[in-house]
Amino acid sequence: GEMNDWELELAVLDCLTDVVLPNCGSADEPTRARLVSVLTEGARRSPSNTAAGHEPNHEPFAHVCLRKLFVLCSRGGRTSDGAAISVGRIALPALVSRCEAVLEEYAAADAAAAADSRPERWRIDHVLCVLEIIFALTLDSRVSDAGARGHSSFEGNVGVASLLQFLRKALAAGGAGAAMPGAPAA
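Bear in mind the structure is a predicted one, so any value in this text is a computation, not a measurement.

Below, the discussion takes up the packing of helix α5 (residues 82-112) against helix α6 (residues 121-136). When two helices pack together, their arrangement is given by the angle between their axes and by how far apart the axes lie. Contact geometry of α5 with α6 gives a least axis separation of 10 Å together with a crossing angle of 145°. Remark: the crossing between α5 and α6 carries left-handed chirality. Of α6, the residues touching α5 (which contributes Leu95, Cys99, Val102, Leu103, Glu105, Tyr106 and Ala109) are Arg123, Ile124, His126, Val127, Val130, Leu131, Ile133 and Ile134. Residue composition of the contact of α5 with α6, by class: 12 nonpolar, 1 polar and 2 charged.

In structure tokens:
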């Protein structure tokens, strides 16, 4: 049968992550960065668009793109392949900045919400996706020293520790009401 738009987009992401980027050894860094930017842009797509029922049986596109960025960062630390390490270094600042943005957006929306209101389900799901990635992310030093490569959005030793520190600050700034449902008390 014919592929719908969702299946086609997913096939393109799979091809990019599993075929093109792992075999881009002859591509220069700007070309690799443009390829990774496809995932970065996809990760910026608002999951609220899918909450209205457009893709009721599918993970939101932004989540898929975040997970693909995670794969690229992780893969770079499990190989001696220079291209995979380079792609991981390019993907890491994008992944970190998107994770921080999602958490900041959640904290801002929570702070602006009425005291008795509950966050929208898509917003909670988006934060949970980010938290799963943060907790699963272990970085090889060959990938995490991206700051030395001139990526301006990367500041020093960003990774699990600083994202968790950011999360703690965001939750503390929002007070007890900022904690997610089901989250353990700090």
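Overall, the coordinates contain 1 aromatic pair when judged by the stated rule. The ring of Phe61 is capped by Arg45, whose NZ or CZ atom sits 3.8 Å from the centre of that ring.

Turning our eyes to something else, we now look at helix α1 (residues 5-20). Among the residues of α1, those classed as buried are Trp6, Leu13, Leu16 and Thr17. Buried residues of α1, viewed axially, fall in a sector of 100°; they line one side. Structurally, α1 contributes buried residues whose contacts are with α2 (29-43) and α4 (61-76). With a side-chain oxygen positioned 3.0 Å from the backbone nitrogen of Trp6, the residue opening α1 is Asn4.

Conventions used here
Residues numbered from 1 in each chain as written. Predicted model: local features only at pLDDT ≥ 70, side-chain atom pairs only at ≥ 80, totals over all residues. Heavy atoms only, no water. Axes fitted to C-alpha atoms, helices over the stretch in contact; angles between N-to-C directions. Helix = DSSP H or I, 4+ residues; strand = E, 2+ residues; numbered from the N terminus. Left-handed = near helix turned anticlockwise from the far one by under 90°. Contact = heavy atoms within 4.5 Å. Nonpolar A, V, L, I, M, F, W, Y, C, P; charged D, E, K, R; others polar. Phe/Tyr/Trp six-rings, centres within 6.5 Å; stacked < 30°, edge-to-face > 60°. Lys NZ or Arg CZ within 6 Å of the ring centre and 35° of its normal. Buried < 20%, exposed > 50% of the residue type's maximum accessible area, 1.4 Å probe, protein only. Arc of directions from axis to C-beta. Polar contact = N/O pair within 3.5 Å; in protein donor to acceptor, adjacent residues only side chain to side chain.

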